[in-house]
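Single-letter residue listing:
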Amino acid sequence: MPLWLALSVVIGIFIGTFFANRFSGNRLSIINTGSNKLNDLLHIVDDQYVDTVNVNDLVEKAVPQILSELDPHSVYISTKDVQQANDDLKGSFFGVGIEFTIRKDTIHVQNVIPNGPSERAGLLAGDKIVEVDGKPFVGKEVTNDEAMRRLKGEKDTKVELGILRYKEKKLRHFTITRGEIPMKSVTATYMLDDNTGYIRIKNFGEKTYPELLIALAKLSQDDFESLVIDLRGNTGGYLGSAVQMANEFLPKGRLIVYTEGRKSPRQEYRSDGRGSYQQLPLVVLIDEGSASASEIFAGAIQDNDRGTIIGRRSFGKGLVQQPVTLHDGSMIRLTIARYYSPSGRCIQKPYTSGADKNYEEDILTRYQHGEFFSQDSIKHEGPEYHTKNGRVVYGGGGITPDIFVGEDTLGVTSYYKEASMSGLILQFAYEYTDENRPQLQKFRTAKELEVYLKRINSVELFATYADKNGLKRRNLMIQKSHRLLEHYINSRIIYNMLDEQAWVEYLNSDDPAIRETIRVFKAGEAFPKKPEPDAEQKNRKVAYDYRGTHTKYTLIATA
């Protein structure tokens, strides 16, 4: 018996080896050959290259290049950047609790986060950080990454900051104990009118869904009867958060999204019928900056005919990334599947492997082709699909809104373009805020501050400032672009003095997409209807004056 057992084991090993080599040996050989070739190359370079080479640095540069040959969204994140990448979606981090910007090689405190460590220590908006832990921190070494490294840290650790306060020559010193700093996904919640609630979501993180529920509860206190969810500029995040959100608005059993890949079997996500707002009139705002999880949510609402999508065509990212941590703490985000909306369409826009210049410049190409201004310029190259009610939608390149709201060139001049693109408006807004904080602090709302800024003619103040800083005054152009300049300048000062919600409220007060949203609700058109038989389907085109301020962002870091 032992002899027969041993013989059976040996035979089994031979059979297993044969089939393993028969069906997967070639692929295993390719992988081994490829990895051996890379290892051989690195050894040869390290051993024989004319100059000394840091092989680790070489690998750090090579890995992103290898991943870039796969698709535009498989990426490598170095060890030092992993924490920041994770913080953006986790909903909190440990730091001192300030928003800051770097100007003239110095950290300027933009805002102090309420109830955070810096506020408790006594820091104020407008303070300049010139020392960290007893050492000067000014000049060329002051970068965003280095500031983050010094200001963030483990919970309950301390950092000493040297502060220069406005119109003070003597340095103040503050010892701050780092604490948990929340990073909100929901950045604005308020009533647009007596019946319409508004929620702006800037990304989909771990805490987005509970933040949404809190926002909905707040609007419930104001007896809202319809809702607009603003996803413009929302680049996405966690798929699970988008699914949770969609579940809140869909009846039981509706498909929200499904994913599928070569090694990832089809996985469906369906609503469970527990959502509290299944019959609420709903509008979702999107634009070319809405991507990934934003498109999952918008696609689920559109394909289920649950609400109306308003704005411009979304980015077109339909690839699912899985994070994989490497042995040194670095991480790759590898594309493992595609996601598909309920109608079966993949939202991912076309790309080619390797450095795809067309993919990287797609948004600019859309702008140049007129897609931001005219619905007729949208090119649908993907196949047709149908929503639950039978409306035609398209795959292969983002979510096309049900109602298109385009930009308009009215008021745009070369002066306005240079003022906005050069950063001069942002620079003026900050310096004006910094020099006039005592006066500006008297105003508690965006409306009050807006009235004041109009009275002092902020556009004229800017034109004088710009003329001294390289942008020659052009009175006729300034007059033509006055409304745009005023809106942009005032929005940045309001952001600097108040908060993001006040900034959003100001922008929305003169926003064409918001006006169209209100019209849709008042007309009872939030729920898409079935198309008439054999009727040619045309999306509604809405033309408005270009305001040019909603997507004007600047680098504001949080630590």
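Residues numbered from 1 in each chain as written. Predicted model: local features only at pLDDT ≥ 70, side-chain atom pairs only at ≥ 80, totals over all residues. Heavy atoms only, no water.

### Details of the overall build of the protein chain
- The helix and strand inventory of the protein chain stands at 19 helices and 23 strands.
- Relative to its 559 residues, the protein chain shows a buried fraction of 48%.
- In the protein chain, once contacts between residues fewer than 6 apart in sequence are set aside, the share between residues at least 24 apart is 71%.
- Surface accessibility of the protein chain: about 29,000 Å² in total, with carbon and sulfur atoms responsible for 52%. (Helix = DSSP H or I, 4+ residues; strand = E, 2+ residues; numbered from the N terminus. Buried < 20%, exposed > 50% of the residue type's maximum accessible area, 1.4 Å probe, protein only. Contact = heavy atoms within 4.5 Å. Areas by Shrake-Rupley, 256 points an atom, 1.4 Å probe, with all protein chains shown as cover.)

### Some thoughts on the pattern of salt bridges
- Summed over the entire model, instances satisfying the criterion amount to 25 salt bridges.
- Measuring nitrogen to oxygen at the nearest pair gives 2.8 Å for the salt bridge that ties Asp 127 to Arg 165. Of this pair, Asp 127 sits in the loop between helix H4 (117–121) and strand E5 (128–132) while Arg 165 is found in the loop between strand E7 (158–164) and strand E8 (172–177), placing the two residues 38 residues apart along the sequence. We note that Asp 127, like Arg 165, is buried.
- Linking Glu 141 and Arg 150 is a salt bridge whose minimum nitrogen-to-oxygen distance equals 3.2 Å.
- On the basis of relative accessible area, Glu 141 is assigned to the partly exposed category, the value being 38%.
- Among the charged side chains, a network of salt bridges with common partners joins Glu 141, Glu 146, Arg 149 and Arg 150. (Salt bridge = Lys/Arg side-chain N within 4 Å of Asp/Glu carboxyl O.)

### Notes on the packing of aromatic side chains
- Under the defined criterion, the tally for this structure stands at 10 aromatic pairs.
- The interplanar angle of 40° and the centroid separation of 6.0 Å between the aromatic rings of Phe 224 and Tyr 277 together place this pair among those described as tilted. Pair noted here: Phe 224 is in the loop between helix H6 (208–220) and strand E12 (226–230) and Tyr 277 is in the loop between strand E14 (267–270) and strand E15 (282–286), with a separation of 53 residues, a long-range link. Neither residue differs from the other here; Phe 224 and Tyr 277 are each classed as buried.
- A ring pair is formed by Phe 428 and Tyr 465, whose centres lie 5.4 Å apart and whose planes are at 55°; its orientation type is tilted. Of this pair, Phe 428 sits in helix H12 (residues 424–435) while Tyr 465 sits in helix H15 (residues 458–468); the two residues are 37 residues apart in sequence, bridging distant segments of the chain.
- On the basis of relative accessible area, Phe 428 is assigned to the buried category, the value being 5%.
- The rings of Phe 224, Phe 249, Tyr 277 and Phe 297 are connected pair by pair, giving a single aromatic cluster.
- When the ring centre of Tyr 258 is taken as reference, the NZ or CZ atom of Arg 266 above it lies at 3.6 Å. (Phe/Tyr/Trp six-rings, centres within 6.5 Å; stacked < 30°, edge-to-face > 60°. Lys NZ or Arg CZ within 6 Å of the ring centre and 35° of its normal.)

### Re the pairing of strand E4 (residues 106–112)
- Among the seven residues of E4, seven are classified as buried, and the element is accordingly described as predominantly covered.
- In textbook terms, the turn of a hairpin is the stretch between consecutive antiparallel strands, and for strand E3 (residues 98–103) and E4 this stretch comprises two residues, one of which, Lys 104, has a positive phi near 55°.
- Here E4 pairs with E5 via two bridges, running antiparallel. Across the sheet, His 108 pairs through a bridge with Lys 128, a residue of E5. (Pairing = 2+ DSSP bridges.)

### Looking at the nonpolar core
- Counting residues in hydrophobic clusters, the biggest one holds 50 residues, and the most contacted among them are Tyr 415, Leu 449, Phe 462, Leu 485 and Ile 489.
- In this structure Leu 485 touches Tyr 415, Tyr 416, Ala 419, Ile 425, Val 459 and Ile 478, once residues within four positions along its chain are discounted.
- Leu 216, Val 284, Ile 296 and Tyr 339 belong to the second-largest nonpolar core, a separate cluster that totals 40 residues. (Core = buried A, V, L, I, M, F, W, Y, C linked by side-chain atoms within 4.5 Å.)

### Details of the confidence of the model for the protein chain
- Per-residue pLDDT for the protein chain averages 87, and the proportion of residues at 70 or more is 89%.
- Below pLDDT 50 for its whole length, residues 539–554 participates in 64 contacts with residues either more than four positions away or in separate chains. (pLDDT = per-residue confidence, 0-100.)

### Describing H6
- Taking 1.5 Å of rise per residue, 13 residues should cover 18 Å, and H6 covers 18 Å from first to last C-alpha, within 8% of that figure.
- Residues Thr 208, Tyr 209, Glu 211, Leu 212, Ala 215, Leu 216 and Leu 219 constitute the buried set of H6. One side of H6 carries all its buried residues, which in axial view fall inside an arc of 155°.
- Contact partners of the buried residues in H6: strand E10 (186–191), strand E11 (196–201), E12 and helix H7 (239–247). (Expected span 1.5 Å × (residues − 1). Arc of directions from axis to C-beta.)

### Notes on unusual backbone geometry
- With phi around 55°, Asp 223 is a residue other than glycine that occupies positive phi space.
- Take Asp 223: it is sitting in the loop between H6 and E12.
- Here Asp 223 falls in the exposed class, since its relative accessible area comes to 56%.
- For Asp 305, which is not a glycine, the phi torsion comes out positive at approximately 50°.
- Mapping Asp 305 onto the fold places it in the loop between helix H8 (293–303) and strand E16 (308–311).
- For Asp 305, a relative accessible area of 6% gives the class buried.

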